[in-house]
Structure formats: C-alpha cells, structure tokens
Amino acid sequence: MSKSTSKSPDGLIDHADPILRAFVIHPVRPARGQAALEARDPKARLEEAVGLAIALDLDVVETAIAPLRAVTPATLFGSGKIQEFKVICEVEEIDVAVFDDQLTPVQQRNLERGLGVKVVDRTGLILEIFARRARTREGKLQVELARLDYERSRLVRTWTHLERQRGGTGSTGGPGETQIELDRRLIAGTIGKLKRELEEVRRTRTLHRSARKKVPYPTVALVGYTNAGKSTLFNRLTNAEVVAQDMLFATLDPTLRTVKLPDGRPAILSDTVGFISDLPHELVEAFRATLEEVQEADVVLHVRDVANPDTDAQARDVQAVLSELKVTADDGKTVVEVWNKIDLVEGEEREILEGRAKRSDASPVSAVTGEGCAELLKRVGGLIDDTPPMALRLGPADGEALAWIYRNGRVVEREDMEDGEVRLVARMDPQALGRFERQFPTVWVMPIGE
C-alpha cells in the first residue's frame, strides 16, 4: 500500500496510509438438510465480516447480503449481480470489495476485473489481521507461513506482467523460466526456511512445557470464539494486564500466567488465539504449535459470549476445531463451558439462561463484574484435584519442610498440637511428593487409608 503525502492542517506532511473505502458482501450459499438447520444467521455473519474489516482499519461504507441460487465457478456470482456490485463500487467510490467467503484464485481475479477494484476474501482478510496483531517471533513466523501458503496459489492473480519469459543461470532459473515460475520457486524456498525456523521455535516451546511439567503445576487453557471475552476473563482470574478490547482478534499470541485456586494451590492459566467461523485451514496448521497448549491442558475452559444472539452457532464452530485437535470429552479431555457476559442479560431472559446453564453443567460468569468467577475457580480446583491425600507429622524444628509443603502442595487440614507438633492432611502430586521425601527424609508421611 502506498503512502499518502497530503498536507495536514498544521502544514506538516501526513505520511499515514489512506483510509480505504470498503464494500462488504456476505454471499449466502445454497444449503439443504442439516447444513441448512445449522447455518449461521446471514445478518450475524455480515456483522462479523464488517467487524473483521473494521479491525483492518477499513472504512465500511456499503454492505450487502447476497443469496446464491447457484455457484458460478468463474466468478461465484452471475453476470447480473456482478454488474449490480460494479455500479455500487463506482457510485460509492469503493477501493476494496470484501467477500465474506473463500474465493478461488480464478474467482478473485475475475471479480477484480469485473468490479474494477481490489477484492479480498475472508481468508485473506483474517490473514492480514493476524499479520498485524502477531507480536512474538513464533506468532510472526506462523502468520508469515500461512500467508505465503495462501499467496502461492494466487500468483496467477497477483502478477499481471508475468507473461514474458526471462532467461538466467544458477539460482535465477533456467532458460525460458517465466517470472511467475521463478516467484513460485522463491516462495517455496521461503516457506521451507520458515518451517525450519518454526520447528526450532516449537522445540523451544516443548522444552518450556516439559520444564513446567517438572514443577509441576496443573494447566488450564482458555479457548473460545474471538471476542467472547477470554482475555478479560484471563485478566480477572490472574490480575494480569493482557490486551482486552471489544475487537475481533485483539490478541493472538498465547499468554501464560499463574493463578491461585481457592485452596491456595497454584495453576497455570493460558489465553490462546480466538477461533472464528470458517477459520482458514492455513491458520489452523500454522497455529498448531500454539494450540498444543490446549491439547496439553488438564482442564479446557470454553468461553462463550452468551449475550450474542449467535452464541450457539459460535459454540459449534469452536467445538469443530476442538474436535479436530482431539480436545473433547470423547478424547478423555475435561472441557467446561464458561458462559460469559451474563451481566448483559437481564430479567426473564437471565432466569432462562441460568436454568439452561445448570442443565448444561456450564459455569455462568461475568469477566467484567467478577460475578461467578470465584465459583469457576473452585470448580476448576475440584476438577484437577485428583492426587491422594497424605497425612504428615512435623516437629517444631521442621519449619522449612512445612513451608515447602505450602509452596508445592495443598494443605487440606492442619492441627497444631500443644507440644509444637503440626499434623497435616495435604495433597501433593507424585513428583512433588518424591522431592519432598528426598529433601526431608525424617518427616513422617503416610497415605491416608493405609
């Protein structure tokens, strides 16, 4: 995108990118049977697509829901509809047309020719947002890999000057290699390099995960549809300051913090990338390393925005991705639905919602007000508390051992005797118990029930 060099009111040159005027179109593909029953509300999908465009700083001046009687392979829409869109683009001086659908490279090229403006599909839009929001080296590598994989099939559209051939030797290609072939080969080389770098980053992440297991703290992962309030809930539970905005994909890179459960036991809470309907497969693949935090978690909290009319459809989209990652109850995983934003639901609707939550075994909360968060942490503590209780007796001189137990285990009961002896019932995972017995061999320890 070229830079603008217009003069600002104070006489200085404004180098900011010009605001592009956008026309957002949601095509409604024909559906039958179960697919029709589970189809998202077109108005909600259009609103979401507008949100994606706004997240990319586009000025959305026109929107349309466009039903498709049949899909035209070359252009998606028929010639009459394209002519209608072209008139709108000319009248509204549109710079970019956003199609809330996955277009083939040929469709994208032909639509650009037919409309006379730049065309972006849903996948390209999400990739661009991810590219802007990634902050860590791993996040940037993942997004760049996904973007190149997406662009590789679209060189037919991207380059308009590639019909001529150019000769060359060595790395510049053999005689007669076309420019488009050369660019594809260069992209393939870059993809290979990025994959190697990403593999190194993944090895480092695996080492970090292994180190955490040695501590070891139980892990809890937050997942959910984008803008469901995961980061706000993360901040509420951990007292952290992760970016939390009313915006699609406000945060991308995984964040991990320690959270104290009600009994004092520490756990690691991770905030992961938000999911979205029709999440591009390139991104699912690229972010697989990040999503491993979800696969390795002891408890997965599926955060839902129950104030959103489209909440059930959003939940199905998240469950589809979790199923692909093999993070479901059928896979032996503990998944809890957290119904967020209950502060936005009032009156009779609130009563109905709470009844549904009880029947669904969901945890209703408000990340903004804190309502229900204490109960949620208590529930999480119960789900990960599967270590057997141990009885311990510590003498007056065992103060260091007592402090160690409080730091690395969970004290269930404590009784202070008159002679200075302290009797405890505590829970410690096997690794922690083994370290305790090696470090404090004189302390009396006995599993309860033996």
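An unreviewed UniProt entry lists the chain under the name GTPase HflX, from Caulobacter zeae. Recorded in UniProt under Sequence similarities (unreviewed entry), the annotation for the chain is "Belongs to the TRAFAC class OBG-HflX-like GTPase superfamily. HflX GTPase family." The Subunit (unreviewed entry) field of the UniProt record for the chain holds the comment "Monomer. Associates with the 50S ribosomal subunit."

Caption draft 1: Structural view of the nonpolar core. Val24, Leu58, Leu125, Phe275, Val294 and Leu322 are the most contacted members of the largest nonpolar core, which has 35 residues in total. Sorting the residues of this core by element identifies β3 (21-28), α2 (42-55), β5 (96-99), α5 (122-133), β7 (219-224), α11 (288-295) and α12 (311-324) as the ones contributing at least two each. Examining the composition of this core, we find that six residues originate from one element, α2, more than from any other. For valine 24, the residues in contact, after removing those within four places along its chain, are Leu46, Ala49, Val50, Ala53, Val60, Glu62, Thr63, Ala64 and Val98. Among the nonpolar cores identified, the runner-up in size contains 22 residues, and Leu301, Val303, Val338 and Val380 belong to it.

Caption draft 2: Spatial organisation of the pattern of salt bridges. One pass over the structure, following the stated rule, counts 20 salt bridges. A salt bridge links glutamate 144 to arginine 147, with the nearest nitrogen and oxygen atoms 2.7 Å apart. Remark: arginine 147 and glutamate 144 occur in helix α6 (residues 137-152); sequence separation between them is three residues, near one turn of the helix. Arginine 147 sits in the partly exposed class, given a relative accessible area of 29%. Here arginine 379 and aspartate 361 are joined by a salt bridge, their closest N and O atoms 2.9 Å apart. Of this pair, arginine 379 sits in helix α14 (residues 373-384) while aspartate 361 sits in the loop between α13 (347-359) and β12 (363-364), and the two are 18 residues apart along the sequence. Members of the salt-bridge network, linked through shared partners, are Arg45, Glu48, Asp100 and Arg122.

Caption draft 3: Looking closely at the sheet that holds strand β4 (residues 59-67). Strand order in this open sheet of four strands is β4-β3-β5-β6, and the pairing throughout is parallel. In this open sheet, the two edge strands, each paired with only one partner strand, are β4 and β6 (118-121). For this sheet, the mean angle separating the axes of adjacent strands, direction not counted, is 20°. The pairing of β3 with β4 spans eight bridges and is parallel. Residue pairing for β4: phenylalanine 23 is matched across the bridge by glutamate 62. Most of the contacts of α2 go to β4, to which it runs at about 150°, and overall it touches β3 and β4. Relative to the sheet, helix α4 (residues 105-115) contacts β5 and β6, its axis offset from that of β6 by approximately 145°.

Caption draft 4: Spotlight on the packing of helix α9 (residues 230-238) against α14. Packing of α9 against α14 brings their axes to within 11 Å, and their N-to-C directions diverge by 80°. Viewed along their axes, α9 and α14 adopt a mutual orientation that is roughly perpendicular. Here Leu233, Arg236 and Leu237 of α9 come into contact with α14, specifically with Cys373, Leu376 and Leu377. Of the residues in the contact of α9 with α14, the class split is five nonpolar, no polar and one charged.

Caption draft 5: Expanded view of unusual backbone geometry. Despite not being glycine, aspartate 57 has its phi angle at roughly 65°, a positive value. Among the structural elements, aspartate 57 can be located in the loop between α2 and β4. Residues other than glycine seldom take positive phi values, yet glutamate 93 does so here, at roughly 55°. Relative to the helices and strands, glutamate 93 is located in the loop between α3 (79-91) and β5. Given a relative accessible area of 58%, glutamate 93 falls into the exposed group.

Caption draft 6: Region of the structure containing the UniProt feature "binding site: Mg(2+)" (unreviewed entry) in the chain. Listed under "binding site: Mg(2+)" (unreviewed entry) in the UniProt record, and renumbered for this structure, are Ser231 and Thr251. Checked against the element boundaries, serine 231 lands in helix α9. You can call serine 231 buried: its relative accessible area is 9%.

Caption draft 7: The packing of aromatic side chains, seen in detail. In this structure the tally under the stated criterion is seven aromatic pairs. Pairing phenylalanine 85 with phenylalanine 99 gives two aromatic rings, centres 6.3 Å apart and planes at 70°, and the pair type is edge-to-face. Separated by 14 residues along the polypeptide, phenylalanine 85 in helix α3 and phenylalanine 99 in strand β5 bring together distant segments of the chain. Aromatic pair tryptophan 404 and phenylalanine 436: ring centres 5.5 Å apart, planes at 45°, arrangement tilted. Linking tryptophan 404 in helix α15 (residues 399-408) with phenylalanine 436 in helix α16 (residues 430-439), this pair joins segments that are 32 residues apart in sequence.

How each quantity is defined
Residues numbered from 1 in each chain as written. Predicted model: local features only at pLDDT ≥ 70, side-chain atom pairs only at ≥ 80, totals over all residues. Heavy atoms only, no water. UniProt positions renumbered as here; feature names shortened; annotations may be inferred. Core = buried A, V, L, I, M, F, W, Y, C linked by side-chain atoms within 4.5 Å. Buried < 20%, exposed > 50% of the residue type's maximum accessible area, 1.4 Å probe, protein only. Helix = DSSP H or I, 4+ residues; strand = E, 2+ residues; numbered from the N terminus. Contact = heavy atoms within 4.5 Å. Salt bridge = Lys/Arg side-chain N within 4 Å of Asp/Glu carboxyl O. Pairing = 2+ DSSP bridges. Axes fitted to C-alpha atoms, helices over the stretch in contact; angles between N-to-C directions. Parallel < 35°, antiparallel > 145°, perpendicular 65-115°, else oblique. Nonpolar A, V, L, I, M, F, W, Y, C, P; charged D, E, K, R; others polar. Phe/Tyr/Trp six-rings, centres within 6.5 Å; stacked < 30°, edge-to-face > 60°.

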